[in-house]
2 protein chains.
Amino acid sequence: MLRLLGIDPGLRFTGWGLLESDGNRLRHLADGVIATDSTESVPERLKALHDALALLLAEHRPDEAALEETYVNRNGAATLKLGYARGVALLAPALAGIPVAEYAALAVKRAVVGTGAAEKHQVQDMVRRLLPGARISRADAADALAVAICHAHHRASRTRWAAGALMA
Amino acid sequence: MLRLLGIDPGLRFTGWGLLESDGNRLRHLADGVIATDSTESVPERLKALHDALALLLAEHRPDEAALEETYVNRNGAATLKLGYARGVALLAPALAGIPVAEYAALAVKRAVVGTGAAEKHQVQDMVRRLLPGARISRADAADALAVAICHAHHRASRTRWAAGALMA
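My aim in this report is to walk through the structure given alongside it, one point at a time.

About the thresholds
- Residues numbered from 1 in each chain as written.
- Chains lettered and ligands numbered in written order.
- Predicted model: local features only at pLDDT ≥ 70, side-chain atom pairs only at ≥ 80, totals over all residues.
- Heavy atoms only, no water.
- Helix = DSSP H or I, 4+ residues; strand = E, 2+ residues; numbered from the N terminus.
- Rg over C-alpha atoms; globule rule 2.2 N^0.38 Å.
- Buried < 20%, exposed > 50% of the residue type's maximum accessible area, 1.4 Å probe, protein only.
- Contact = heavy atoms within 4.5 Å.
- Areas by Shrake-Rupley, 256 points an atom, 1.4 Å probe, with all protein chains shown as cover.
- Buried area = accessible area lost by both parts, 1.4 Å probe.
- Salt bridge = Lys/Arg side-chain N within 4 Å of Asp/Glu carboxyl O.
- Polar contact = N/O pair within 3.5 Å; in protein donor to acceptor, adjacent residues only side chain to side chain.
- Nonpolar A, V, L, I, M, F, W, Y, C, P; charged D, E, K, R; others polar.
- Least-squares fit on C-alpha atoms with pLDDT ≥ 70 in both.
- Pairing = 2+ DSSP bridges.
- Axes fitted to C-alpha atoms, helices over the stretch in contact; angles between N-to-C directions.
- Core = buried A, V, L, I, M, F, W, Y, C linked by side-chain atoms within 4.5 Å.
- Parallel < 35°, antiparallel > 145°, perpendicular 65-115°, else oblique.

Digging into the overall build of chain A
Check the secondary structure of chain A and you find five helices and five strands. When the helices and strands of chain A are listed from N to C terminus, the series reads β-β-β-α-β-α-β-α-α-α. Here the C-alpha atoms of chain A give a radius of gyration of 16 Å, agreeing with the 15 Å that 2.2 N^0.38 yields for 168 residues. Taken along its principal axes, the extent of the C-alpha atoms in chain A is 55 × 35 × 30 Å. Residues counted as buried form 48% of the 168 residues belonging to chain A. For chain A, the proportion of contacts with a sequence separation of at least 24, taken over those separated by at least 6, is 60%. Split by element, the accessible area of chain A, about 8100 Å² in all, is 53% carbon and sulfur.

Points about the interface of chain A and chain B
Listed by partner, the interface residues are 25 residues for chain A and 25 residues for chain B. On the chain A side of the contact with chain B, P43, L80 and L91 of chain A bury the most area, a combined 26% of that side's loss. At the junction of chain A and chain B, the tally comes to zero salt bridges. Where chain A touches chain B, the interface holds two residue pairs in polar contact (both at pLDDT 80 or more). Contributions of two or more residues to the side of chain A that touches chain B are made by helix 1 (42-60), helix 2 (76-95) and strand 5 (100-103) of chain A. Classifying every residue of the side of chain A that touches chain B gives 14 nonpolar, six polar and five charged.

Describing the relation of the copies chain A and chain B
Between the two copies of the chain lies a rotation about an axis combined with a shift along it. Between chain A and chain B, the superposition needs a rotation of 180° and an axial shift of 0.0 Å, giving an RMSD of 0.0 Å. Each copy turns onto its partner about a two-fold axis. When C-alpha positions in chain A are compared against the rotation axis, the closest is assigned to G83 of chain A, at 2.0 Å.

Concerning the sheet that holds strand 5 of chain A
All names here are of chain A. The strand order across the open sheet formed by five strands is 3-2-1-4-5, and the pairing between neighbours is mixed. Both outer strands of the open sheet, strand 3 (26-35) and strand 5, are each paired with one neighbouring strand and no more. Sheet twist, expressed as the average angle between the axes of neighbouring strands with direction ignored, equals 20°. Strand direction decides the pairing type here: strand 1 (residues 2-8) and strand 2 (residues 13-21), joined by seven bridges, are antiparallel. Within strand 2, the position partnered with L2 by the bridge is S21.

Regarding unusual backbone geometry
One non-glycine residue, R61 of chain A, lies in positive phi territory at about 40°. With respect to the helices, strands and loops of the structure, R61 of chain A is situated in the loop between helix 1 and strand 4 (64-68).

Thoughts on the pairing of strand 3 of chain A
Residue and element names in this part refer to chain A. Where strand 2 meets strand 3, nine bridges bridge the pair, whose relative direction is antiparallel. Residue pairing in the sheet places L19 in a bridge with H28 of strand 3. Here strand 2 folds back onto strand 3, and the loop between the two strands holds four residues, one of which, G23, carries a positive phi near 105°.

Details of the environment of T39 of chain B
Relative to the elements of secondary structure, T39 of chain B occurs in the loop between strand 3 (26-35) and helix 1 (42-60). A polar side-chain atom of T39 of chain B sits 2.7 Å from a polar atom in the side chain of D37 of chain B.

With respect to helix 3 (residues 105-113) of chain B
Regarding helix 3 of chain B, the residues found buried are A105, A107, V108, K109, A111 and V112 of chain B. Remark: G114 of chain B follows helix 3 of chain B within two positions and exhibits a positive phi of approximately 105°.

A few points about the nonpolar core
Counting 50 residues, the largest nonpolar core has L5, L46 and L53 of chain A together with L5, L46 and L53 of chain B as the members making the most contacts within it. When neighbours within four sequence positions are excluded, L53 of chain A is seen to be in contact with I7, I34, V88, A89 and A92 of chain A.

Digging into the side chain of H151 of chain A
All names here are of chain A. Mapping H151 onto the fold places it in helix 5 (residues 139-167). The exposure class of H151 is buried, given its relative accessible area of 3%. One polar contact links H151 to E64, side chain to side chain, over a distance of 2.7 Å. When neighbours within four sequence positions are excluded, H151 is seen to be in contact with L4, E64, A65, A66, A101 and Y103.

Let's talk about the sheet that holds strand 3 of chain B
Strand pairing within a sheet occurs via backbone hydrogen bonds; the two strands may be parallel or antiparallel. Residues and elements named next belong to chain B. Strand order in the open sheet made by the five strands is 3-2-1-4-5, with mixed pairing throughout. Only two strands of the sheet have a single neighbouring strand rather than two, namely strand 3 and strand 5 (100-103). When strand polarity is set aside, the average angle formed by the axes of neighbouring strands in this sheet is 20°.

Re the packing of helix 1 of chain A against helix 2 (residues 76-95) of chain B
Across the interface, helix 1 of chain A lies against helix 2 of chain B with an axial gap of 8 Å and an inter-helix angle of 85°. Here helix 1 of chain A is positioned roughly perpendicular relative to helix 2 of chain B, judged by the angle of their axes. Where helix 1 of chain A abuts helix 2 of chain B, its residues V42, P43, E44, L46, K47, H50 and D51 of chain A lie against G87, L90, L91, A94 and L95 of chain B. Tallied by class, residues from the contact of helix 1 of chain A with helix 2 of chain B come to seven nonpolar, two polar and three charged.

Structural data, given as structure tokens:
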């Protein structure tokens, strides 16, 4: 049984979602969105994000964390700001001693919908179907859960591969 | 007497420089460069940078910190990576309760050399002249000291202005 945390970082809103995985089965544990106050200074907002992530990690104690790799075809200032939030989201698990994996957007879509050509809303719909009974608060949280699902699938394949290799 | 920390962040090398300022006079206290191991994962490198900055802040206890605003006319992937390092450099003082100021490159050049048209090496030469006797380890550290000098000047102007306003 592994607890996997997906994080979808942003300076304004950071989605997160926590799953339990036993290889084939997934169970939704919790999700949410961390918002920072856009009237505060950037350092204060990064501190708020860091503190919320640190609290989350301490409360839920995930075994591993995962983020989606980011599109960087936006303007420089937006990319830099996203970099601040992503930097903090990569740092917080590292400070807690939790490994962090990163997945390309294509890999997340493939793992959740079955095709890399899926639209964003299809990913979010499928997350809700894969985690029945879960009340997923918001789109940012669904995106974070999608990364966690992707991480669970990749972990499971690696484990099966390793088991097969041992038997061969 | 104020202790001012300048930081010039980067994922590979982060320069830092510490000054003491009594308004008009500046004294060099310390400087250095934090390097991270490019063979390690990004989260581990961000943790190394964070830990080094946290140690620095705890040891030297600056009153305020300052960073130069960043050029973002590079490619997206480089901007994002710089964003990670900058995010961590903005976060560390905030976590320590230390205010962080940001200055445009133009303001730093003007404060140190007297003109915004100065070249990078002119800024570094002038930093060495403004802080005689200091052995400045590297260019990244000189850049960090330049931001600290800029912050000292702007603080001094603000204080003079405030004093003038009180007397008026």
